[in-house]
Amino acid sequence: MTAAITSSRPSPLLRAFTGVLCAALAFSPLPAAASSPASFGMFAAAPAAPASAGNTVGLFRLSGDPAAAENLRSQILTDMSAAGFNVKGVALDIDAAAGKVKCKGGADACVGKVIEWLNKGAAKSGTTYDYLIYGTVGNGTPASIVIYDVAKKAKVKEFTPSLSPHDLILPLALPRAMVATLNNYRTPPAPATPEEQKILAELDEPAKTPEELAAEKAAIDDAVGKVAAGQGELIDTSNIKVDLKKDFKDFCRTGPPKPRVNKDDPKDLRPVCKRGPVFGYWQTRAWVALGLTAGALLTTGIFYSLGLAARGPYKDALANLNNSGLDKTNPLESDAYTAMAADVADKGNTMRNRLIGGDVALLTTVLLAGVLAVIIYQDRTDAKDFIKTEKSLKSVSRIQNLRGGPILSRGMQGFGFGFNF
């Protein structure tokens with residue numbers, strides 16, 4: 001059995017296409033990515049992060065009062081950026097970030113884990129944080145804003161201001177203070193030169209010995225005592241005399257009294273010029289008491305007058321009864337006698353009631369007169385005190401701008417007075 005072996009040869013067109021493709025692959029250069037073994041799969045290396053300039057700040061959201069925190073964070077971002085810092089906003093506050101890394105020790109204890117987690121995410125964009133800013137802000141309660149050094153793992157400074165919704169200065173001054181603090185931290189100021197140290201030393205007062213301190217204290221105590229004694233002498237009014245009649249014209253008023261703004265203001269105790277030195281010192285309560293007393297006195301006169309007027313009819317009725325000759329024991333005359341006796345009793349009760357009313361009104365008049373006398377005495381006493389005070393102020397005001405105090409210096413120690421005439 002014979003087998004026929006046949007071979008199929010490619011067509012001329014396929015052979016020509018294959019030759020062109022092989023020539024192209026042989027003479028074309030390899031891609032740059034394929035020239036390095038590290039460019040393939042598991043051998044690829046992560047891109048290296050650029051070197052940090054040392055001024056990248058991670059600005060967390062501030063917790064607390066939303067409006068105050070957002071306003072302060074915005075101002076911190078503005079001032080830090082204007083000062084040349086590369087500020088990167090963090091979308092979480094420090095407490096939320098601590099929750100992401102499952103840390104429950106608080107912001108200060110968890111900031112290390114937070115920065116590790118934060119750097120892992122920032123490495124994709126080539127960001128390296130040098131400093132962090134986080135904290136909490138509340139209106140009316142002390143805030144806490146922290147600047148944190150990532151490299152040294154330590155706080156640069158913690159600010160604890162008390163922000164108020166009505167304070168327009170602190171929200172502007174605090175970010176500027178934070179910028180100045182961070183600048184001084186990164187570039188500490190140069191130490192004082194010998195010349196500056198010499199100037200500072202000359203400004204400081206040399207230390208005093210215990211004897212000098214004791215002498216100064218004794219001098220101050222002595223000066224304070226003299227000031228107290230001098231003031232007591234200046235306001236001594238024991239020798240000032242008041243005569244309500246002689247002093248009337250000097251202190252009386254021609255217009256209405258000064259109105260009182262509130263109940264704590266003193267009353268205007270100046271006498272009224274047109275009333276004279278007798279009635280001029282009377283205050284309103286005295287006139288009211290006088291009116292009541294006069295009314296009670298008038299009532300007394302009216303009741304007594306009516307009582308005396310009723311005395312005549314009573315005496316006439318009694319005389320008619322006595323002169324009638326009626327016998328009250330006689331049944332025929334008892335009715336007439338009873339009628340005349342009832343008329344006598346009625347007129348007697350009328351007279352008695354009116355006289356009793358007069359007695360009550362008289363007693364009321366006496367009481368009101370006593371009250372009036374007390375009020376007049378009090379008004380005159382108040383007027384004397386007022387005039388004495390005014391005289392005292394006038395005597396003191398003769399020396400104007402009086403000043404007194406201790407004098408302590410290297411060359412002199414004591415007490416001094418100063419005044420202008």
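Residues numbered from 1 in each chain as written. Predicted model: local features only at pLDDT ≥ 70, side-chain atom pairs only at ≥ 80, totals over all residues. Heavy atoms only, no water.

Here, the residues flagged by UniProt with the feature "transmembrane region" (unreviewed entry) are residues 286-306 and 355-377. Annotation note: span residues 286-306, helix share 100%, strand share 0%, distance between end C-alpha atoms 30 Å. Secondary structure across residues 355-377 comprises 100% helix and 0% strand; the distance between its end C-alpha atoms is 33 Å. (UniProt positions renumbered as here; feature names shortened; annotations may be inferred. Helix = DSSP H or I, 4+ residues; strand = E, 2+ residues; numbered from the N terminus.)

Taking 1.5 Å as the rise per residue, helix α10 (residues 284-323) with 40 residues should run 58 Å; its terminal C-alpha atoms sit 59 Å apart, in good agreement. One or two steps after α10, the chain reaches Gly-325, where phi turns positive at roughly 70 degrees. (Expected span 1.5 Å × (residues − 1).)

Turning next to the side chain of Asp-379. Mapped onto the elements of the fold, Asp-379 is located in helix α11 (residues 334-396). Within the structure, the side chain of Asp-379 is placed 3.1 Å from the backbone nitrogen of Gln-283, a separation counted as a polar contact. Those residues in contact with Asp-379, other than ones at most four positions away along the chain, are Tyr-281, Trp-282, Gln-283, Arg-285 and Ala-286. (Polar contact = N/O pair within 3.5 Å; in protein donor to acceptor, adjacent residues only side chain to side chain. Contact = heavy atoms within 4.5 Å.)

Bringing the packing of aromatic side chains into the picture now. For the coordinates displayed, the defined rule picks out 6 aromatic pairs. Taken together, a centroid distance of 6.4 Å and an interplanar angle of 85 degrees make the contact between Phe-60 and Tyr-134 edge-to-face. Taken as a pair, Phe-60 in strand β1 (residues 56-61) and Tyr-134 in strand β4 (residues 131-137) lie far apart in primary sequence, 74 residues in all. For Phe-60, a relative accessible area of 0% corresponds to the buried category. Residue Tyr-134 is classed as buried on the basis of its relative accessible area, which comes to 2%. Three or more aromatic residues joined by ring pairs make a cluster, and in this case those are Phe-279, Trp-282 and Trp-287. (Phe/Tyr/Trp six-rings, centres within 6.5 Å; stacked < 30°, edge-to-face > 60°. Buried < 20%, exposed > 50% of the residue type's maximum accessible area, 1.4 Å probe, protein only.)

Bringing the pairing of strand β5 (residues 144-149) into the picture now. Successive residues of a regular strand alternate their side chains across the two faces of the sheet. For β5, the tally of buried residues reaches 6 of 6 residues, placing the bulk of the element in the interior. Alternating positions in β5 separate into two faces, Ser-144, Val-146 and Tyr-148 on one and Ile-145, Ile-147 and Asp-149 on the other, with burial throughout. Note that β4 and β5 share 6 bridges and pair antiparallel. Bridge pairing in β5 links Gly-135 to Ile-145. Sheet topology places β5 next to strand β6 (residues 154-159); 5 bridges connect them, and they run antiparallel. Directly across from Val-146, in β6, lies its bridge partner Glu-158. Turn length for the β5-β6 hairpin, with the two strands adjacent in sequence and antiparallel, is 4 residues, and the turn residue Lys-153 shows positive phi of about 55 degrees. (Pairing = 2+ DSSP bridges.)

Let us look at the confidence of the model for the chain. Averaged over all residues, the pLDDT of the chain is 78; the fraction at 70 or higher stands at 77%. The model gives residues 25-50 a pLDDT under 50, and that stretch makes 10 contacts with residues more than four places away or in other chains. (pLDDT = per-residue confidence, 0-100.)

By the definition in use, this model includes 2 disulfides. The side chain of Cys-103 participates in a disulfide bridge whose partner is Cys-110; the two sulfur atoms lie 1.9 Å from each other. One quick way to see it: the torsion about the S-S bond of Cys-103 and Cys-110 is about -80 degrees, and its sign makes the bridge left-handed. Each of the two residues, Cys-103 as well as Cys-110, counts as buried. (Disulfide = S-S within 2.5 Å.)

The next point concerns the pattern of salt bridges. In total, this model carries 7 salt bridges according to the counting rule given. The salt bridge involving Arg-61 is made with Glu-70; its shortest N-O contact spans 3.5 Å. Look at Arg-61 and you get partly exposed, because its relative accessible area is 37%. For Glu-70, a relative accessible area of 39% translates into the label partly exposed. In this structure, the salt-bridge partner of Lys-155 is Glu-158, at a minimum N-O distance of 3.1 Å. (Salt bridge = Lys/Arg side-chain N within 4 Å of Asp/Glu carboxyl O.)

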